[in-house]
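# Coordinates in review
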Amino acid sequence: MPIAMSKANIARSMRSGSLLLGRSLTTVRHLSNTSRLLNDETTHFGSKTVPKNEKEKLVGHVFSNVASKYDIMNDVMSLGIHRLWKDHFINKLDAGKRPNSKEPLHFIDVAGGSGDIAFGLLDHAEQKFHDKESTMHIVDINANMLKEGEKRAMNQGKYYNDPRVTFLVQNGETLDQIESDSKDVYTISFGIRNFTDIQAGLNTAYRVLKPGGIFFCLEFSKVNNPLVDVIYQQWSKVLPVMGSIVANDYDSYQYLVESIQRFPDQEEFKSMIEKAGFESAGYESLTFGVCSIHWGIKV
Ligand SMILES: C[S@@+](CC[C@H](N)C(=O)[O-])C[C@H]1O[C@@H](n2cnc3c(N)ncnc32)[C@H](O)[C@@H]1O
């Protein structure tokens, strides 16, 4: 069966993986319990409590607003470091059809609108393994974000109108049009914290992966250094103001800050990945836990 790596290899490479920007988290910080106080009909949208069936629309509104200025937004929010995190994510996953393998890999990049991760993964597979066969589904709930990805593909003259690459509007919580047991590699970068039901998204990731397939996620996380945390909290207060200056959009940036604060810490998210059925779950904290890479294998 074509898989990105064997389970043993993945476990080994995760253990030995060098930490580019920080140290692994050893302390466990617990989420505020406020999220557990919500009833079944409501959820969080930033700091607000909203009906569950409205969150999707509100998140859609945020990303439609930021779509055309998405790169600027990322650079502002992370001081450009997101590019290093993404490179590290792609190199650490190290996916691609190996020369001795007969079958191409089937990738899915969920919440992948910008195409950053999907194109990076395909470039990596080609440059490192001469893999020009593996396929990629780029899936996003927001058609405007997907258009930005397509535009980028067109501008770079690669992966546009490419039979290997499919752009698809889909909710990552359900992935209705993706068959079960059909993908070798599932990636999601800075997307899952926007899901109304994160656990449903993880369960769906498990469903669409083949046995032996890997779930690999990059997401903002919990800072594990008190001094850095103080600076980070101050930075979070300034961000919406920066958003209004750079993109004339205070509210979307305010939502993004609050969605980061609401997201489970490293240990809690690892438990959710295990709850979905994944084995060998683990994580690497980057830049003192500002963001983390999480993974799990479907056995
Ligand atoms: C911050 S962007 C990340 C884009 C890209 N993965 C990256 O790392 O540059 C978050 C993306 O998540 C998408 N998104 C939010 N909720 C989603 C859902 N339920 N299903 C699929 N995509 C979703 C948004 O439309 C947006 O494109």
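Residues numbered from 1 in each chain as written. Predicted model: local features only at pLDDT ≥ 70, side-chain atom pairs only at ≥ 80, totals over all residues.

Looking at an unreviewed UniProt entry, one finds the protein named 2-methoxy-6-polyprenyl-1,4-benzoquinol methylase, mitochondrial, with Lachancea fermentati as its source organism. Reading the Subunit (unreviewed entry) entry of the UniProt record for the protein gives the comment "Component of a multi-subunit COQ enzyme complex, composed of at least COQ3, COQ4, COQ5, COQ6, COQ7 and COQ9." Entered under Function (unreviewed entry) in the UniProt record, the comment concerning the protein runs "Methyltransferase required for the conversion of 2-polyprenyl-6-methoxy-1,4-benzoquinol (DDMQH2) to 2-polyprenyl-3-methyl-6-methoxy-1,4-benzoquinol (DMQH2)." (UniProt positions renumbered as here; feature names shortened; annotations may be inferred.)

Right, let's talk about the overall build of the protein for a bit. Assigned secondary structure in the protein consists of 10 helices and nine strands. Classification of the 299 residues of the protein by burial places 42% in the buried group. Intrachain contacts of the protein at a sequence separation of at least 6 include 75% that bridge at least 24 residues. (Helix = DSSP H or I, 4+ residues; strand = E, 2+ residues; numbered from the N terminus. Buried ≥ 20, exposed ≤ 12 C-beta atoms within 10 Å, placed from the backbone. Contact = placed C-beta atoms within 7 Å.)

The subject of this paragraph is the site of the ligand. In the neighbourhood of the ligand, 21 residues make up the surrounding shell, with Ala111, Gly113, Asn142, Gly172 and Ser189 lying closest. Grouping the constituent residues of the shell around the ligand by class yields nine nonpolar, nine polar and three charged. (Near = placed C-beta within 6 Å. Nonpolar A, V, L, I, M, F, W, Y, C, P; charged D, E, K, R; others polar.)

Attention shifts here to helix α4 (residues 82-93). With 12 residues, α4 extends 16 Å between its outermost C-alpha atoms, agreeing within 8% with the 16 Å of an ideal straight helix rising 1.5 Å per residue. Along α4, the positions that sit buried rather than exposed are His82, Trp85, Phe89, Ile90 and Leu93. Angular distribution of buried residues about the axis of α4 spans 130°; they occupy a single face of the element. For α4, the elements touching its buried residues are α3 (70-78), α5 (116-129), β6 (183-189), β7 (209-220), β8 (279-286) and β9 (291-297). Residue Asp94 follows α4 closely and has a positive phi angle near 55°. (Expected span 1.5 Å × (residues − 1). Arc of directions from axis to C-beta.)

Next up on the list: the nonpolar core. Grouped together as the largest cluster of nonpolar side chains are 70 residues, with contacts concentrated most on Leu121, Tyr186, Phe215 and Phe216. Element by element, the count of residues in this core is highest for β7, at seven residues. Setting aside residues up to four positions removed in sequence, Phe215 forms contacts with Tyr186, Ala205, Leu209, Ile273, Phe278, Trp295 and Gly296. (Core = buried A, V, L, I, M, F, W, Y, C linked by C-beta atoms within 7 Å.)

Right, let's talk about the sheet that holds β8 for a bit. Here we have seven strands laid out as an open sheet, ordered β5-β4-β3-β6-β7-β9-β8, and mixed in their pairing. Looking along the sheet, the strands with just one partner apiece sit at the ends: β5 (165-169) and β8. Strand-to-strand, the axes of this sheet are offset by a mean angle of 15°, without reference to chain direction. Across six bridges, β8 lies against β9 in antiparallel orientation. In the sheet register, Gly282 faces β9, and the bridge partner there is Trp295. (Pairing = 2+ DSSP bridges. Axes fitted to C-alpha atoms, helices over the stretch in contact; angles between N-to-C directions.)

So, on to α5. Taking 1.5 Å as the rise per residue, α5 with 14 residues should run 20 Å; its terminal C-alpha atoms sit 20 Å apart, in good agreement. Of the positions making up α5, those classed as buried are Asp116, Ile117, Ala118, Phe119, Gly120, Leu121, Leu122 and Ala125. Looking one or two places after α5, you find His130, whose phi comes out positive at around 55°.

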